[in-house]
Amino acid sequence: MSQQVITPELCEWITEQSRAGHASESILAAMLGSGWDEAIARQALARTLGQSATLTAPPGATPGLPEPELTRFAPLIDAGDRQVKVLMALRQPRVIVFGDLLSDEECDGIVELAGKRLARSETVATGSEGSEVNAARTSDGMFFERCETELICKIESRLATLLRWPLDHGEGLQVLRYSPGAEYQPHYDYFDPGHVSTPSILKRGGQRVATLVMYLNTPTAGGSTIFPDIGLDVAPVKGNAVFFSYDRPHPSTQTLHGGSPVLEGEKWVATKWLRQGVFT
Ligand code: PD2
Ligand code: ZN
C-alpha cells in the first residue's frame, strides 16, 4: 500500500470488528496482515476506539504503578541511602510531595553537570514525528543518560527504592532551567495515543506511568508546579519533589500539570519519567 489514509470506511470497519467482539490487538493483527503500516493502524484504532486500544503493555512490563510504601504513613520513608520526608499525599489522583529527597550538594552537583549542556527545550512535534521548540515550554533543558555519572546513578537507585519501580524502567533524568518569565504550560506527561509518533515512542518501554519532578533550587518567587484539575500548587523548594502517577493515557487521570511562570530568580528541576517496561 502506498499512501495510507485513515478513512471513515476504515473507522467504520474497526468499529464493526470491535462490536463483533474482536480485541483491539486482533484487529491490529488483521490490519497488519492486510498491509497496513503499524503506526497508522494504531492511530486508526486509537481514533476509533479511544485510548484504551493502545494500552497494551510491552512484553515484560511490570504490573501496577510506581508507588512508595505509605501504608503506615510514617513521616519518613527509607529510600536505601536516605530518609525521605512525606509532606503531602493525595490518593486520587495519586500525588505525593517529598521533602529532603536530595541534599543541597546533590542539587548543586546536578546543576553544575547540566549547566554546560543546556539547550532550548523541545516537545513532541504537533503534527509530525520528532520534536520541536514550543512556546508552551520556555525553559532550557538537557537529558542525562541513565547512570551517566556516579551522582546520577546514586540518585536513580534511591528513586528506584523509594518508588519501588525498577531503575531500568526510567528514562534518563531531564534537567530544566527556567529564567524569569519562563514557564511550562499545563500538559499531560503520557504520550498521546492518537499522535502519529506515539507507536514508535512506545516501542522503547511502553507508556509513561509516573513522573517525579525534583526541585534543584528555590526560586525567589513563582515557578510552582500546578495541577489545574485539582487546584493544587506545589512550591518549588530545593531538595523537595512532587510525584504523580497515571494508570492510563487519558485526561480522566486528572494529571494535567504545568510549571507556572518564574517571577524572580531562576528555577531548576530534574524530572524522572517512569515507563511500563524497560526503557531502551
Ligand atoms: O518544572 C515544573 O514544575 C514542571 C511542570 C510540568 C515540569 C514538568 N511538567 C515536566 O518536566 O514534565
Ligand atoms: Zn510535565
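These numbers were taken from a predicted model, which means no experiment stands behind them.

Asker: Give a detailed account of the environment of glutamine 207, specifying residues and quantitative values.
Answerer: Position of glutamine 207 relative to the elements: it lies in the loop between helix H6 (198-202) and strand E10 (208-215). As for glutamine 207 and tyrosine 190, which are separated by 17 residues in sequence, their C-alpha atoms are 6.4 Å apart. Leave out the neighbours within four places in its chain, and glutamine 207 touches Tyr190, Phe191, Leu202, Pro249, Leu274, Arg275 and Gln276. A distance of 2.7 Å separates a polar atom in the side chain of glutamine 207 from the backbone oxygen of phenylalanine 191.

Asker: Tell me what's going on with the sheet that holds strand E4 (residues 119-120), and back it up with residues and numbers.
Answerer: Within the open sheet, the 9 strands sit side by side as E1-E2-E3-E14-E10-E17-E8-E7-E4. Their pairing is antiparallel. Only two strands of the sheet have a single neighbouring strand rather than two, namely strand E1 (76-78) and E4. Where E4 meets strand E7 (residues 140-143), 2 bridges bridge the pair, whose relative direction is antiparallel. Residue pairing across strands places alanine 119 opposite glycine 141, the latter belonging to E7.

Asker: Pulling in residues and values, what's your account of the UniProt feature "domain: Fe2OG dioxygenase" (unreviewed entry) in the protein chain?
Answerer: Taking the numbering used here, the UniProt-annotated feature "domain: Fe2OG dioxygenase" (unreviewed entry) corresponds to residues 169-276. Counting secondary structure, residues 169-276 comes out at 5% helix and 42% strand; the distance between its end C-alpha atoms is 7 Å.

Asker: I'd love a proper account of the nonpolar core, names of residues and values included.
Answerer: In this structure, Phe98, Leu101, Val175 and Met214 are the most contacted members of the largest nonpolar core, which totals 33 residues. At the level of secondary structure, the elements contributing two or more residues to this core comprise strand E2 (83-90), strand E3 (95-99), helix H4 (104-115), helix H5 (150-163), E10, strand E14 (241-245) and strand E17 (267-275). Residues contacting phenylalanine 98, with those up to four places away along its chain left out, are Pro68, Ile77, Val84, Lys85, Leu87, Leu162, Leu163, Leu212, Asn240, Ala241 and Phe243. Counting residues in hydrophobic clusters, the runner-up holds 18 residues, among them Val95, Val97, Tyr246 and Val262.

Asker: So what's going on with the packing of H4 against H5? Residues and values would help.
Answerer: When two helices pack together, their arrangement is given by the angle between their axes and by how far apart the axes lie. At a minimum axis separation of 10 Å, H4 and H5 run at an interaxial angle of 130 degrees. When the axes of H4 and H5 are compared, the pair comes out oblique. The two elements H4 and H5 meet at a crossing, and its hand is left-handed. On the side of H4, the interface is formed by Glu106, Gly109, Ile110 and Leu113, while H5 contributes Leu151, Ile152, Lys154, Ile155 and Arg158. Across the contact of H4 with H5, the residue classes break down as 5 nonpolar, 1 polar and 3 charged.

Asker: Describe in detail the site of ligand 1, supporting the description with residues and values.
Answerer: As a structural note, the neighbourhood of ligand 1 is formed by 14 residues, with Tyr178, Thr225, His257, Lys267 and Thr271 the closest of them. One nitrogen or oxygen atom from the side chain of aspartate 189 is found 3.3 Å from an oxygen atom belonging to ligand 1. About the coverage of ligand 1: the protein hides 100% of its 310 Å² of free accessible area. Most atoms of ligand 1, that is more than half of them, are within 2 Å of grid points of the largest cavity. Secondary-structure elements contributing two or more residues to the shell around ligand 1 are strand E8 (174-178), strand E9 (184-187), strand E15 (257-259) and E17. Counting residues per element, the shell around ligand 1 draws most heavily on E17, which supplies 4 residues. Of the residues that constitute the shell around ligand 1, the class distribution is 5 nonpolar, 7 polar and 2 charged.

Asker: I'd like a rundown of the state of the cysteines, residues and numbers included.
Answerer: Using the criterion set out here, one finds 1 disulfide in the structure. Each disulfide pairs two cysteine sulfurs, and for cysteine 147 the partner residue is cysteine 153, the sulfurs being separated by 2.0 Å. On the sign convention where negative is left-handed, the bridge of cysteine 147 and cysteine 153, at about 70 degrees about the S-S bond, is right-handed. Left without a disulfide partner, cysteine 107 is nearest to the cysteine sulfur of cysteine 153, which lies 18 Å away. With relative accessibility at 0%, the residue cysteine 107 sits in the buried group.

Asker: I'd like a description of the pairing of E2, backed by residues and values.
Answerer: Where E1 and E2 come together, 3 bridges link them in antiparallel fashion. Its bridge partner lying in E2, isoleucine 77 is registered against valine 84. Two successive antiparallel strands, E1 and E2, enclose a turn made up of 4 residues, where glycine 80 displays a positive phi of approximately 90 degrees. Here 5 bridges tie E2 to E3, and the two strands are oriented antiparallel to one another. Note that in E3 the partner of leucine 90 across the bridge is valine 95. In textbook terms, the turn of a hairpin is the stretch between consecutive antiparallel strands, and for E2 and E3 this stretch comprises 4 residues.

What counts, and at which threshold
Residues numbered from 1 in each chain as written. Chains lettered and ligands numbered in written order. Predicted model: local features only at pLDDT ≥ 70, side-chain atom pairs only at ≥ 80, totals over all residues. Heavy atoms only, no water. Helix = DSSP H or I, 4+ residues; strand = E, 2+ residues; numbered from the N terminus. Contact = heavy atoms within 4.5 Å. Polar contact = N/O pair within 3.5 Å; in protein donor to acceptor, adjacent residues only side chain to side chain. Pairing = 2+ DSSP bridges. UniProt positions renumbered as here; feature names shortened; annotations may be inferred. Core = buried A, V, L, I, M, F, W, Y, C linked by side-chain atoms within 4.5 Å. Buried < 20%, exposed > 50% of the residue type's maximum accessible area, 1.4 Å probe, protein only. Axes fitted to C-alpha atoms, helices over the stretch in contact; angles between N-to-C directions. Parallel < 35°, antiparallel > 145°, perpendicular 65-115°, else oblique. Left-handed = near helix turned anticlockwise from the far one by under 90°. Nonpolar A, V, L, I, M, F, W, Y, C, P; charged D, E, K, R; others polar. Near = heavy atom within 4 Å. Areas by Shrake-Rupley, 256 points an atom, 1.4 Å probe, with all protein chains shown as cover. 1 Å grid on protein atoms, 1.4 Å probe; cavity = no way out; pocket = protein on both sides within 12 Å on 5 of 7 lines; lining within 4 Å. Sits in = over half its atoms within 2 Å of the grid points. Disulfide = S-S within 2.5 Å.

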